2 protein chains.
Amino acid sequence: MSEPDKKGDIPDESAGKGIPNGGNAAKSKEDFELASIYVSDAQYNRNIYFDTSPQAVRLYLRYNHWIPKVLLLFFIVVDLSLAIFEEPAVFLLPVALTLVDMIVYGALDAAGCYAVRWSRVLRPLLLVNVTEGRQLRRAFRSIRNALPQIFYVFMLFMFSLLIFSLMALKLLGKRGLKTIDGAPYFTNYLEIVLDLYVLVTTANSPDVMMPAYNSSFVFAVFFILYILINTYIFMSVFLAVVYNNYKKYLKEEVRQLVRTKRHKMARAFAVLQEPKAAGGEPVVSQANWNQIVRLVQPGISNAHRELLWSVGDDDNQGCVGKLAFVQLADLLNIEVITLKSRPHPLQSAFPAFYLSAPSRLVCRLVQHRAFVVAYDLIILVNAVFIGLDEENPLIANSEWAFLALYLLEILLKLYVFEPRSFFSRHNFWNWFDTIIVVSALIATIVNSALTSSGNYTSRQILDIVFILRVLRLIRVVDNIQRFRAIINTLIRIGPAILTFGQLIIVVYYIFAMVGMELFKGKVKFYEEDSSDPAKAYCGNELLRGTAFAQLNYCKNNFNNVVSSYILLVELTVVNQWHVLSSGFAAVTHASARLFFILFHIMVVIVIINIFVAFVLEAFFVEYSVDKSDLQTSLERKIEELQLAVEQEKLEDNLVNAMETADNEQGTGQSANKPPLMFKIASKRYRTVDALLQRMFEADLDPEDFAENDDGDDGGNFANPAFSSA
Amino acid sequence: MSEPDKKGDIPDESAGKGIPNGGNAAKSKEDFELASIYVSDAQYNRNIYFDTSPQAVRLYLRYNHWIPKVLLLFFIVVDLSLAIFEEPAVFLLPVALTLVDMIVYGALDAAGCYAVRWSRVLRPLLLVNVTEGRQLRRAFRSIRNALPQIFYVFMLFMFSLLIFSLMALKLLGKRGLKTIDGAPYFTNYLEIVLDLYVLVTTANSPDVMMPAYNSSFVFAVFFILYILINTYIFMSVFLAVVYNNYKKYLKEEVRQLVRTKRHKMARAFAVLQEPKAAGGEPVVSQANWNQIVRLVQPGISNAHRELLWSVGDDDNQGCVGKLAFVQLADLLNIEVITLKSRPHPLQSAFPAFYLSAPSRLVCRLVQHRAFVVAYDLIILVNAVFIGLDEENPLIANSEWAFLALYLLEILLKLYVFEPRSFFSRHNFWNWFDTIIVVSALIATIVNSALTSSGNYTSRQILDIVFILRVLRLIRVVDNIQRFRAIINTLIRIGPAILTFGQLIIVVYYIFAMVGMELFKGKVKFYEEDSSDPAKAYCGNELLRGTAFAQLNYCKNNFNNVVSSYILLVELTVVNQWHVLSSGFAAVTHASARLFFILFHIMVVIVIINIFVAFVLEAFFVEYSVDKSDLQTSLERKIEELQLAVEQEKLEDNLVNAMETADNEQGTGQSANKPPLMFKIASKRYRTVDALLQRMFEADLDPEDFAENDDGDDGGNFANPAFSSA
């Protein structure tokens, strides 16, 4: 704790230097390293305590390097994929590798206990507990916080279920009705409760109602009332409660996050600050600012850096104050696309040829709207040809024509547009097109080479060819404005959805491990061509005649981690889950249904609802919230500097904008344009945190530095300018 | 249009009278009638143009009487229930009654045309087009407005469906896979599209995937990807789009509604106003105000009216200005519960007995927490007894003991609490208890009388007894604070849900009519005991061997309006809808599936999502919005006048509060309490409009009178005070 005080004292030594421009000299390398850690921690919302001694800082920098991160990711993958090699295993590994696990397990087993390797269930916690699992931890915290509220609604729902079941027992149990299998209908209370719980998921509708409905239509009213209350109203209430709680707690967490971020930036400022000439508030000089930005984001272009500086130093004073400095973390998170208007390489190499009349005609044709429409039509015809039978030689050969047309399109575009712009990082569809077409070309060539050489067709390669052919058709979507807008929104909320992907993987992992312990080997799958009579009942006599075996669900088992995951997806989709759970209950014990009910509550009622809540919220943010203040000020600055890409050419479509910009350069119509232009990828969030922050931005005070929040760290954040004044 | 000007001139005659207290004389009966129409139109958000001549006003008053409304409702019911008596009919009517319909239909039929009575489809429009169908019209308008947005997402969804289907055809069509029925798997493009559309509704999961999954687990990835994109993401996007559009348009409509309401109140003010003594703004005197309130709400208590007046006339000036007057419509919509602390009738009749020590002990016992707990335990034991077999004579007789215990509880409560308070309109649970227990008593007596007399048990009466017994158990919920809060929220959003009930009924009606035209008589239902071999295939050879017949779905048909409605509910629940639609396609034509797909899109994708959106929004309002300003000012006034029921006794539970209040009076502990107390039923909305208004209240400017909105009506709203000044 003495280290930061030393840092804090440094500005005193350099006090009275006047407006700092060579202030660089006063700051040691250690200072910059420390400040850059603060800034990048703030930028990526990392929140790890570290010692501020130079050695510790250097260690921390190494910790943040990409190599340990990749290693960590590798170990997580190894940790989780252990499940693939263990018994029940997809691939059996030599015993030596699973030795340690075996020793513990074996010792217990030998001691006569029924040993269950429960430790496997805990494996995904590694994923949750590493620093990078921040979003995941937050999602888990939100769920935990929402649980009490969900619990009360769930209890009320259970009460309603029990009351309806009791009524069903009294009304229907004594009528001697039979189910379609000839079994007595609604005579056992527990079975009724189970049937009606399944009805909430709609999985056994209308079958569960038919015997009663066949007896009298009045009973249908009972079931309709039940569905209305328990399926529609209660399930909506679950969504509402989950949504509301999730939003509430997330808001609180994000507020905390933003405070921590500002706090970190204020610390970085304290390290870098110098007193101003007039003895006013301390500032950070441009030279120091430049160095810290270069340290934090080594890949940043000079132009981009200067743009950011001009936003911070709005009055051209050569230094920024604390408020402007604190913005830096958020400014770095705004994705600014730098458009360089370069002449086409062909133009530089062969100007006479490239600027000749026929060449310019080609350029104009390719940029014409009709070019896009023509290719849309080609894609349409291609779709019809794909749908037709490829046994027909004419259709089989037409594929070569289509491939040629698509290749021609890409080559024409490369001729007209500057290649580096065409393949810039943000041109998703250009990349998509090129990769798909080139892969299709390679796969088709390989396939026909194989076919002609040995008259042998590789099923795998043919499959790839088919998939690539169909994927090519997706391009049409990008040419329709309305579709593009929807897809852009979906792509934007993509990273956030990935967090839920992690969440689902962790929860699935736990259920898969438990499921494998409970049900492994109970249900066997026989290949299609097997003639084993046990195939008819999945290798387990207990399944003979059950719906599970009749519907040929044998492959839906817990025999290895892959089939477990697929089974869990099926359970998440809910339909037929009662058949699946009955199957597993039949081969073990009736209480096995609890496992499936628990899974339904956890995944379908809680997690899927949170997923829906998140998609809803993200969509509403997309629809309603305008750009953040910071983005606006950055855009204003771009406008001011006359470096903006014309608004009317944007229309949220970068490709168009760039093509137009390049085109103007290329055809020499706009030589007076600046060689460099900026555009904010206005609604694309680089991180999930940025999306979350924007979701709840309206409630956050921009002046709130939260310095008083953790006052015990105050020593780290002393403001020497005040003490020296 | 000359009439209102005449009204407008009246205040001039009484000008200079000083503060009006006897201003009553200056206003004619016609004035009050006109003003009361404006106020009550504003209160109930009616928006009908009417002439302001005294005759027209009187006609309009008669139109607003309850008799024409009941008649209208009767005709709507007759109109819609025609479907019950028509061919295909539940009950056949004599031909004479359906003569007119027959003539048109018959004429067409005789002329050789295939006559379809499409007019029947239009019948529900009567329900939509009457004045009282306001909420329904609004819901339809919201849907219509949201349709374009939904359309684009739907197109994109269809595109995704078609692409996935094409890929499935290419990947799976050539592998020679078989479905579980031995049919070729995924070889026909149209069938694949249909199968994958059904998979979006999850109805055929995981069956549709099993043949591919059995061949290789890699194909499961294809289906999981499909489900992720089309079921989870697209369906969430549908909800988001529907929700967002619905909210947006509803907000605009409600804003218009509030403006119209204020406009009407301003007109009523113009009719009743008198100039103030000092020549300031015009006002309405207390006498006129009282008369108008009495006219608008004849049942209002004097105390309640005076409370409302004191909110409007905050400074005790004897008159209210325009702003305060305009609030009246909203003030009347706030439900104020008047609690009269009356002594118990027994106390008045036999004070010595009622106030004796044993009597007071009984009172204290009944009010004790233990009394509630004891009865909860009794209910619990009762629940177990109901669940047990009632053949056992001990258990059958125990019913009498439980009935006696419940009756005792009610009698004890009536002894302790003042009966009129106990049965006041807001004590839902007291009414519920008493009705259930008394009905159960009657039904049980009738049942045992029947049993003992002729050894004959009526199944119907026994059913009623069972239902009443089980319903009694629901009471437990009210005793648990957390459950009460959730249920109160549900009850509050109940009226709004009823609007959706109407919407569903109208949409169902249209689909039922079309369905009956298309499918009547194609599927026949045979009673359980029928031995007709046609029973196995629902009387239609074409259904032989289909899943529809195998699952015994014969009663799910369009043969009459009741079974059509039940079938449509099953289709709304979605599960097995592919089996149902295949069945009807089998007996008619493959294109019949379009009817079912259209139903799915309209009802499940659009209307159910709007329902979910409404429940979500209503829940968020309940969670987040505090009381409206007006409610707060009313409550402040109640506090000021020291007429409030103590806050700590409220806990959102009126019964408790009233019991305590009565108790204190009854046992004579608090003779210094005022004899009258108020409580705002703070979150209960009398009308759907009030709930909607509160949902979007934050965006409405209270000063906005929208007088300029319909300037052509300006003559009706001239402000004579200004012109005479």
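In what follows, the accompanying structure is described. (Residues numbered from 1 in each chain as written. Chains lettered and ligands numbered in written order. Predicted model: local features only at pLDDT ≥ 70, side-chain atom pairs only at ≥ 80, totals over all residues. Heavy atoms only, no water.)

This part covers the side chain of Glu274(B). The residue Glu274(B) is located in the loop between helix H11 (218-272) and strand S1 (284-285) in this model. For Glu274(B), the side chain forms a polar contact with the side chain of Asn288(B), separated by 2.7 Å. (Helix = DSSP H or I, 4+ residues; strand = E, 2+ residues; numbered from the N terminus. Polar contact = N/O pair within 3.5 Å; in protein donor to acceptor, adjacent residues only side chain to side chain.)

A few words now on the relation of the copies chain B and chain A. Rotating chain B by 180° about the axis while translating it 0.0 Å along that axis superimposes it on chain A, leaving an RMSD of 0.1 Å. Here the two chains are linked by the operation of a two-fold rotation axis. (Least-squares fit on C-alpha atoms with pLDDT ≥ 70 in both.)

Frequently, the measure chosen for interface size is the accessible area removed from exposure when the parts meet. Listed per partner, the contact involves 87 residues of chain B and 88 residues of chain A. Taken together, the links from chain B to chain A amount to two salt bridges. Here Arg175(A) makes a salt bridge to Asp463(B), at a shortest N to O gap of 2.4 Å. Mapped by element, the contributors of at least two residues to the side of chain B that touches chain A are helix H8 (134-172), helix H10 (210-215), H11, helix H19 (369-387), helix H23 (459-473), helix H25 (481-492), helix H28 (561-573) and helix H30 (593-624) of chain B. In the side of chain B that touches chain A, the residues fall into 57 nonpolar, 16 polar and 14 charged. (Contact = heavy atoms within 4.5 Å. Salt bridge = Lys/Arg side-chain N within 4 Å of Asp/Glu carboxyl O. Nonpolar A, V, L, I, M, F, W, Y, C, P; charged D, E, K, R; others polar.)

Our next topic: the state of the cysteines. Residue and element names in this part refer to chain A. Under the criterion given, the structure shown has two disulfides over all chains. Residue Cys538 pairs covalently with Cys554 via a disulfide, S to S 2.1 Å. Disulfide Cys538-Cys554: torsion about the S-S bond near -70°, hence left-handed. Remark: Cys554 occurs in the loop between helix H26 (547-550) and helix H27 (561-573) and Cys538 occurs in the loop between helix H25 (494-519) and H26; sequence separation between them is 16 residues. In this structure Cys538 comes out as buried when scored by relative accessible area, which is 0%. (Disulfide = S-S within 2.5 Å. Buried < 20%, exposed > 50% of the residue type's maximum accessible area, 1.4 Å probe, protein only.)

One pass over the full model with this rule turns up 24 salt bridges over all chains. Glu541(A) is the partner of Arg544(A) in a salt bridge, and the nearest nitrogen-oxygen pair spans 2.9 Å.

This part covers helix H8 (residues 189-200) of chain A. Residue and element names in this part refer to chain A. When the terminal C-alpha atoms of H8 are compared, their 17 Å separation across 12 residues agrees well with the 16 Å that a helix rising 1.5 Å per residue should span. For H8, every residue scored as buried is listed here: Ile192, Val193, Leu196, Tyr197, Val198, Leu199 and Val200. The opening residue of H8 is Asn188, an N-cap whose side-chain oxygen sits 2.9 Å from the backbone nitrogen of Leu190. (Expected span 1.5 Å × (residues − 1).)

In this model, helix H19 (residues 393-416) of chain A (24 residues) spans 35 Å end to end at C-alpha, consistent with the 34 Å of a helix rising 1.5 Å per residue. Within H19(A) the residues assigned to the buried category are Ile395(A), Ser398(A), Glu399(A), Phe402(A), Leu403(A), Tyr406(A), Glu409(A), Ile410(A), Lys413(A), Tyr415(A) and Val416(A).

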